[in-house]
Amino acid sequence: MKRIVIYLLAGCIAAGVLSARNRGVIDTSESPHVKLRSLDLDAVAWNGGFWAGRFEVIRNNTIPTLWRAMEDPANGAQYASFLKTTGRGGENLNVRTLNVWSDGDVYKTVEAVALVFTTTKDPAIDRRMDEIISVFAEAQEKDGYLSTPMRLKGLERWTNLQNHELYNMGHLMTAACIHHRATGKKNFLDIATKVADYLYVTFQPRPKRLTHFGFNPSNIMGAAELYRTTGDRKYLELAGIFTQMRGSAPGGSELNQSRTPLLQETEAVGHAVTAMYLYAGATDVYAESGGQPLLDALQRIWNDVAGRKMYVTGAVGNLYRGASRKGDNVHEAFGLDYELPNRFAYTETCANIANAMWNWRLLSLSADVKYADTMELTLYNSMLSGMGLEGQDFYYSNPLRRHGDELPRVVRRQDPPLRSTVLPCYCCPTSIARTVAGLKGWAFAKTPDALWVNLYGSARVDTDTAGGRFSLVEKTDYPWSGAIGFTVEKAPAGETGLMLRIPAWAEGATARVGNEAARKLQAGSYAALRRVWKTGDRVELQLPMTPRLVVANPYVESARNQVAVMRGPLVYALESPDMPAGVRVSEVSLSPGVRFEERFDKSLLGGVMVLEAQARLRPDGDWTGLLYRTLRPEPVRSARIRLIPYYAWANRGMSHMTVWIPRAD
Ligand SMILES: [Zn+2]
């Protein structure tokens, strides 16, 4: 018996078990410049409903799919590069076609697995993570540097900023923090601190030749999170250096936001994923260090994105071949103001998710609902559209229109015409997996005397407040229904707030506590319900979910004289499998007074609320060989049409689809 105890103890020490405090997906529990603090990873569990369903898809389908893909050397292998580097396998790996950023996608998968573990506590998952982490440790070089593609390809360190060395090591740091919070172990975190110590030695002197390194700066969020995890301020200093170095000397490019220092930047430029990662990382730096000029710059850029460069789906990064006012050669990039093509929307899933990540961080700083609205818009629409309903096939681009044809690969280079499991790059699927797996950590936040609800979904939440534990059960069919109920299971002592997000679209929202009269709530605010709560208290929130027509700024040519249909946070789409026989998507127009009938169809697309309406039809006629013709009187008919949530499009084979539909005035 004694011997067993000793062995167990030895095992724990070997794996580096700590009695760590379980903290949030981002740990803002002590951030000095944050208003809303994240809850611990185990404070919230989905409990049926929409996000619980997506969480199960990630757990049961996406993660096994990603592992299979990453262990298959014929499939742009990723984990195989660790096996090959350590001499443990990967013999068939083609080093020539191995992506330089592939390590990062492996770390993102482990991060998703660790986040799933916080719900399942499955010991088999824990053991598997330990096995993989031991391979990471073996692959790490003596000085702390770690990039298996660089080593296998025999490339020299820090010679090409697009070698993604900082991207890989940045995701390593983030994943290690999450693993530590999820398991209490230090085995991955030790690898991360060695990486960060190496990066500190390399970058702290700010060597001139590395001024504009690197490309996708996941290293800023990674170093900031490592500071939050370890308390070692040199990692915060490192995150600050990464934020300020780009653009601090001539010779940079808008491609990776290194032409202009961030503090002087006035607009979102360049590669949209690198941009959003920079802005999100810089927001973490502000959360810890403050500095009004940095906050001012981030707000200028946010106003530019939300006011001129974002799709109605929350997607960003409109052009494969982007535009730069300063003449730089940019790709996968922001275009110019109001340049938002539908069919050619590049809108990489990673960029959209990073937009949500950035907005979540800005929400934490400010408690301003506009950030929560943007975050939610992106998550439900241009994040989920990156994944098939079963969570096993993926899109890189998320266009708003398709004419039933394959676009030239110059426009959508990475994507096959239909979502695919076999991809040249796994950045997007791993981004979706880790985001959905951790989303319960985004749903709530707290201030000392209040619990804040950012995202609605059936859940159980249990957290500390100034008055003690506050436990609630939330029950809702959101986003299909706007009825959201909370029951207090454990009430803190003294007056405590329940802060409910009322999205800007929710005009006419009401809340009722117990049998009291319903209260009207202001759209675009957090409604404060403050009182001394008792066990069993009930709150009924009603968000009006009436379908609405949305129009774009007249400067957005691609949406001119068109409407998009939204219901709650969901953008709707018209797709050819739902059209009446003989009617084309392009023939439909909607009058501003159109009435939608809402019907939940549980057998369609995994269960969705469809919107049905009588629409005007202007038959296209025969355009064979024609680009223009003289307008002649056209017969106008009408037909019953059905719209589906945009995220569920392209799950029924090749189709025609549009989000923007012409106005019939
Ligand atoms: Zn991606």
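Residues numbered from 1 in each chain as written. Predicted model: local features only at pLDDT ≥ 70, side-chain atom pairs only at ≥ 80, totals over all residues. Heavy atoms only, no water.

A. Highlighting the packing of aromatic side chains. If you walk through the whole model with that rule in mind, you get 30 aromatic pairs. An angle of 45 degrees between the planes, with centres 4.9 Å apart, marks the rings of tryptophan 51 and tyrosine 380 as tilted. In this pair, tryptophan 51 sits in helix 2 (residues 50–71) while tyrosine 380 sits in helix 14 (residues 369–383), placing the two residues 329 residues apart along the sequence. Like tyrosine 380, tryptophan 51 is buried. Taking the centre distance of 5.2 Å and the plane angle of 45 degrees together, the rings of tyrosine 279 and tryptophan 358 count as tilted. With tyrosine 279 in helix 11 (residues 272–289) and tryptophan 358 in helix 13 (residues 349–366), the pair connects residues that are 79 residues apart, well separated along the chain. For the pair tyrosine 279 and tryptophan 358, a shared accessibility class is recorded, and that class is buried. (Phe/Tyr/Trp six-rings, centres within 6.5 Å; stacked < 30°, edge-to-face > 60°. Helix = DSSP H or I, 4+ residues; strand = E, 2+ residues; numbered from the N terminus. Buried < 20%, exposed > 50% of the residue type's maximum accessible area, 1.4 Å probe, protein only.)

B. Geometry of the pairing of strand 18 (residues 570–575). A large share of strand 18 lies buried, amounting to six of its six residues. On strand 18, burial covers both faces: Leu570, Tyr572 and Leu574 on one face and Val571, Ala573 and Glu575 on the other are all buried. Relative to strand 18, strand 17 (residues 562–567) is paired through two bridges, and the arrangement is antiparallel. Residue arginine 567 lies in a different strand from strand 18, and its bridge partner there is leucine 570. Between strand 17 and strand 18, which pair antiparallel one after the other, the connecting turn spans two residues, and glycine 568 there sits at a positive phi close to 60 degrees. (Pairing = 2+ DSSP bridges.)

C. Representation of the pairing of strand 22 (residues 637–645) within the structure. Pairing analysis gives two bridges linking strand 18 to strand 22, with the strands arranged antiparallel. Note on strand 22: the bridge partner recorded for alanine 573 is isoleucine 644. Both strand 21 (residues 608–617) and strand 22 contribute to a ladder of seven bridges, which runs antiparallel. In the sheet register, leucine 611 faces strand 22, and the bridge partner there is leucine 643.

D. Quick peek at the side chain of glutamate 225. For glutamate 225, the location among the structural elements is in helix 9 (residues 218–230). With residues near it in sequence (within four places) discarded, glutamate 225 still touches Val25, Ile26, Asp27, Cys177, Arg181 and Asp284. (Contact = heavy atoms within 4.5 Å.)

E. Representation of the coordination of the zinc ion within the structure. Looking at the metal site, the zinc ion is ligated by Glu348 (OE), Cys350 (SG), Cys427 (SG) and Cys428 (SG), spaced 2.1 to 2.3 Å from it. Motif for the zinc ion, donor spacing along one chain: E-x1-C-x76-C-C. Taken together, the residues span a long stretch of sequence, with cysteine 350 in helix 13 and cysteine 427 in helix 15 (residues 427–438) at a distance of 77 residues. Like cysteine 427, cysteine 350 is buried. (Donors = N, O, S within 2.8 Å, 3.2 Å for Na, K, Ca; no water.)

F. Inspection of the packing of helix 7 (residues 165–183) against helix 8 (residues 187–203) at higher detail. Put simply, helix 7 and helix 8 touch, their axes get as near as 8 Å, and they point 145 degrees apart. You can see that helix 7 and helix 8 cross each other, and the crossing is left-handed. Packed against helix 7, whose contacting residues are Leu166, Met169, Leu172, Met173, Ala175, Ala176, Cys177, His179 and His180, the element helix 8 presents Asn187, Phe188, Leu189, Ile191, Ala192, Val195, Ala196, Leu199 and Phe203 at the interface. Class assignment of the residues belonging to the contact of helix 7 with helix 8 gives a composition of 15 nonpolar, three polar and no charged. (Axes fitted to C-alpha atoms, helices over the stretch in contact; angles between N-to-C directions. Left-handed = near helix turned anticlockwise from the far one by under 90°. Nonpolar A, V, L, I, M, F, W, Y, C, P; charged D, E, K, R; others polar.)

G. Molecular detail of the nonpolar core. Residues Phe136 and Leu199 are the most contacted members of the largest nonpolar core, which totals 223 residues. Considering each element in turn, this core owes the most residues, twelve residues, to helix 11. Setting aside anything within four residues of it in sequence, one finds phenylalanine 136 in contact with Tyr79, Phe82, Val106, Tyr107, Val110, Leu146, Phe188 and Ile191. (Core = buried A, V, L, I, M, F, W, Y, C linked by side-chain atoms within 4.5 Å.)

H. Representation of helix 10 (residues 233–245) in the model. Taking 1.5 Å per residue, 13 residues should reach 18 Å; helix 10 reaches 18 Å between its end C-alpha atoms and fits that length. Where helix 10 is concerned, the buried positions are Tyr235, Leu236, Leu238, Ala239, Gly240, Ile241, Phe242, Thr243 and Met245. (Expected span 1.5 Å × (residues − 1).)

I. Seen up close, the sheet that holds strand 8 (residues 459–465). Taken together, seven strands build an open sheet; the order of strands is 2-8-9-10-15-12-13 and the sheet is antiparallel. At either end of the open sheet lies a strand with only one pairing partner, and these are strand 2 (44–46) and strand 13 (519–520). In this structure, strand 8 lies alongside strand 9 (residues 468–476), joined through seven bridges in antiparallel fashion. Its bridge partner being in strand 9, threonine 465 is matched across the sheet by glycine 468.

J. Focus on the sheet that holds strand 11 (residues 496–502). The sheet built from five strands is open, its strands ordered 1-6-7-11-14 with mixed pairing. Each having just a single partner strand, strand 1 (37–38) and strand 14 (525–531) make up the two edges of the open sheet. The pairing of strand 1 with strand 6 (residues 444–447) spans two bridges and is antiparallel. Along strand 6, the bridge assignment pairs arginine 37 with lysine 446.

K. Representation of the environment of cysteine 177. Examined against the element boundaries, cysteine 177 turns out to sit in helix 7. For the pair cysteine 177 and glutamine 614, spaced 437 residues apart in sequence, the C-alpha separation works out to 52 Å. Ignoring any residue separated from it by four or fewer positions in sequence, one finds cysteine 177 in contact with Leu189, Glu225, Leu226 and Thr229.

L. Examining unusual backbone geometry more closely. A cis amide bond links phenylalanine 213 with the next residue in sequence, glycine 214, at an omega value of -10 degrees. Its location among the elements puts glycine 214 in the loop between helix 8 and helix 9. The omega torsion across tyrosine 478 and proline 479 is 10 degrees, close enough to zero to call that bond cis. For proline 479, the location among the structural elements is in the loop between strand 9 and strand 10 (483–490).

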